[in-house]
Amino acid sequence: MHSPFPPPIPPDMLLLAYQSGIFPMADRRDDPDVFWVEPRERAIVPLDTFRMSKSLRKTVRQDRFTVTLNRDFAAVMEACAAPRPGHPESWISERIIASYKELHAHGSAHSIECWITPEDEDDSSAPVLAGGIYGVSFDRVFCGESMFSRADNASKVALTWLVALLRHAGYELLDCQFMTDHLASLGAVEMPQSDYLKLVEQAREAPPRLSLNQAFREFADPGARSPGHSSPGKAIAQSLTQTS
């Protein structure tokens, strides 16, 4: 049986697009075609001025969510593509999902997941996916694609972890593509596409200090965390407090 969708976009083509400042979108979930977007204005989150509110810092420190890296990339993409109030259609089509799954297998697309055990379940119940974010990485650039939340602050916690991991690993640029009120509240800024491309070139001059997997282990693994950090959330919050 033939698929109604064209083949996935090859990983090398996707990476070349991101390195050139463009990315694919679709008009709807079942759209077999994609179009390539090059925004006139680009939103980024400066890694050294990420804005974490007191309430968000408290949530992160309390480890209300169990945070993982690349545990269920497909589930995060599916959740991001699901209909939302006021947005029945998604730009994340089946072809785009298939394309980014291949890019994830290639090692250049990543997800951060926030898990929680429902309050009406006991401690032995399997945690459920409460929020997350996914995106594309190359050199010292991370391009955030989409995020979702099924519980208060879940997507904000995922983004906070992402910022901390990128800083710890030695990344230079976190691209958010389009500005939203949500991103602006966390310190995102807009700039012309030409200025964004200059930042991309600068960030490509050297590799990151650590891989994202290595950076995650240094926060999540009790044996790798710095002395004095009794939990992953406290280590994350402290790392963002030191220079922000």
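Here the structure is shown first, and the text comes after it.
Every value quoted in this text rests on a predicted model; they were computed, and no experiment measured them.

Colleague: Give me the pairing of strand β6 (residues 128–138): which residues, what numbers.
Modeller: Across the eleven residues of β6, ten count as buried, placing the element largely inside the fold. Taken together, the eight bridges between strand β5 (residues 109–116) and β6 define a ladder with antiparallel strand orientation. Opposite Ile-112, over in β6, you have Ile-133 as the bridge partner. Counted along the chain from β6 to the antiparallel partner strand β7 (residues 141–149), the turn is two residues long, and its residue Asp-139 has a positive phi close to 50°.

Colleague: Explain the side chain of Arg-167 to me, using residue names and the numbers behind them.
Modeller: Secondary-structure assignment places Arg-167 in helix α5 (residues 154–169). Salt bridges are absent for the buried Arg-167, whose nearest opposite-charge side chain, Asp-48, sits at 6.6 Å. Polar side-chain contacts of Arg-167 include one of 2.8 Å to the backbone oxygen of Leu-47.

Colleague: I'd like to hear about the nonpolar core, residue by residue, with values.
Modeller: Counting 42 residues, the largest nonpolar core has Ile-112, Leu-159 and Leu-174 as its most contacted members. The dominant element in this core, judged by the number of residues it contributes, is α5, at eleven residues. Those residues in contact with Ile-112 that sit more than four places away from it in its chain are Val-67, Thr-68, Leu-69, Val-76, Gly-131, Gly-132, Ile-133, Ala-158, Trp-161, Leu-162 and Leu-165. With 36 residues, the next largest nonpolar core counts Ala-26, Met-77, Ala-79 and Trp-91 among its residues.

Colleague: Please give an account of the packing of aromatic side chains that cites residues and values.
Modeller: To describe a pair of aromatic rings, one takes the distance between the centres and the angle between the planes. Throughout the structure, instances matching the rule amount to four aromatic pairs. The interplanar angle of 75° and the centroid separation of 5.8 Å between the aromatic rings of Phe-23 and Phe-178 together place this pair among those described as edge-to-face. In this pair, Phe-23 is assigned in strand β1 (residues 23–25) and Phe-178 in the loop between β8 (173–177) and α6 (181–184), connecting sequence segments 155 residues apart. Look at Phe-178 and you get partly exposed, because its relative accessible area is 38%. Judged by centre distance (5.7 Å) and plane angle (45°), the ring pair of Trp-161 and Phe-216 falls under tilted. Of the two residues, Trp-161 sits in helix α5 while Phe-216 sits in helix α8 (residues 212–220), which places them 55 residues apart along the sequence. Members of the aromatic cluster, connected to one another through ring pairs, are Phe-73, Tyr-100 and Tyr-134. If you follow Arg-42 out to its NZ or CZ, it ends over the ring of Tyr-196, 4.1 Å from the centre.

Scoring rules and cut-offs
- Residues numbered from 1 in each chain as written.
- Predicted model: local features only at pLDDT ≥ 70, side-chain atom pairs only at ≥ 80, totals over all residues.
- Heavy atoms only, no water.
- Buried < 20%, exposed > 50% of the residue type's maximum accessible area, 1.4 Å probe, protein only.
- Helix = DSSP H or I, 4+ residues; strand = E, 2+ residues; numbered from the N terminus.
- Pairing = 2+ DSSP bridges.
- Lys, Arg positive; Asp, Glu negative; His and termini not counted.
- Salt bridge = Lys/Arg side-chain N within 4 Å of Asp/Glu carboxyl O.
- Polar contact = N/O pair within 3.5 Å; in protein donor to acceptor, adjacent residues only side chain to side chain.
- Core = buried A, V, L, I, M, F, W, Y, C linked by side-chain atoms within 4.5 Å.
- Contact = heavy atoms within 4.5 Å.
- Phe/Tyr/Trp six-rings, centres within 6.5 Å; stacked < 30°, edge-to-face > 60°.
- Lys NZ or Arg CZ within 6 Å of the ring centre and 35° of its normal.

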